[in-house]
Amino acid sequence: MHPRLSRITGMVTLLLGFAVTFWVVFGRPHYWEGDMVWVRRGLALGSLGAISLAARLIFPAARGDAPDEASE
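For clarity, every value in this text was computed on a predicted model and none was experimentally measured.

### What about the packing of aromatic side chains?
Here's step 1: Overall, the coordinates contain three aromatic pairs when judged by the stated rule.
Here's step 2: Look at Phe-18 and Phe-22: their rings are 6.3 Å apart centre to centre, the planes differ by 25 degrees, and that puts the pair in the stacked class. Remark: Phe-22 and Phe-18 occur in helix H1 (residues 3–26); sequence separation between them is four residues, near one turn of the helix.
Here's step 3: Note on Trp-23 and Trp-32: the rings are 5.8 Å apart at their centroids and 70 degrees apart in plane angle, and the pair reads as edge-to-face.
Here's step 4: Accessibility expressed as a relative area gives 24% for Trp-32, which makes it partly exposed.

### Re the packing of H1 against helix H2 (residues 36–58)
Here's step 1: The interhelical angle for the contact between H1 and H2, taken along N-to-C directions, is 155 degrees, at an axis separation of 8 Å. Classed by the angle they form, the pair H1 and H2 counts as roughly antiparallel. In terms of crossing hand, the pair formed by H1 and H2 is left-handed.
Here's step 2: Grouping the constituent residues of the contact of H1 with H2 by class yields 14 nonpolar, seven polar and two charged.

### So, H1
Here's step 1: In a regular helix each residue adds 1.5 Å, so 24 residues correspond to 34 Å; H1 covers 34 Å between its end C-alpha atoms and thus fits that length.
Here's step 2: Within H1, burial applies to Pro-3, Ser-6, Gly-10, Thr-13, Leu-14, Gly-17, Thr-21 and Val-24.
Here's step 3: Packing partners of the buried residues in H1 comprise H2.

Calculation notes
Residues numbered from 1 in each chain as written. Predicted model: local features only at pLDDT ≥ 70, side-chain atom pairs only at ≥ 80, totals over all residues. Heavy atoms only, no water. Phe/Tyr/Trp six-rings, centres within 6.5 Å; stacked < 30°, edge-to-face > 60°. Helix = DSSP H or I, 4+ residues; strand = E, 2+ residues; numbered from the N terminus. Buried < 20%, exposed > 50% of the residue type's maximum accessible area, 1.4 Å probe, protein only. Axes fitted to C-alpha atoms, helices over the stretch in contact; angles between N-to-C directions. Parallel < 35°, antiparallel > 145°, perpendicular 65-115°, else oblique. Left-handed = near helix turned anticlockwise from the far one by under 90°. Nonpolar A, V, L, I, M, F, W, Y, C, P; charged D, E, K, R; others polar. Expected span 1.5 Å × (residues − 1). Contact = heavy atoms within 4.5 Å.

Structural data, given as structure tokens:
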């Protein structure tokens, strides 16, 4: 993947993860009861996973993971 495209995808994923996290923390799901509590927890864990994926897309871990040719 091209580095610019990787970073743009990472930023969009990061913003989406933050938006879902803020909605779960401050939004309507506080009033969900019963089995919907599990959906709320799944949304929270999914948004944290999206944020960590975004960090990997924005900042690659190693040279082999880097999306550009200059790092090789």
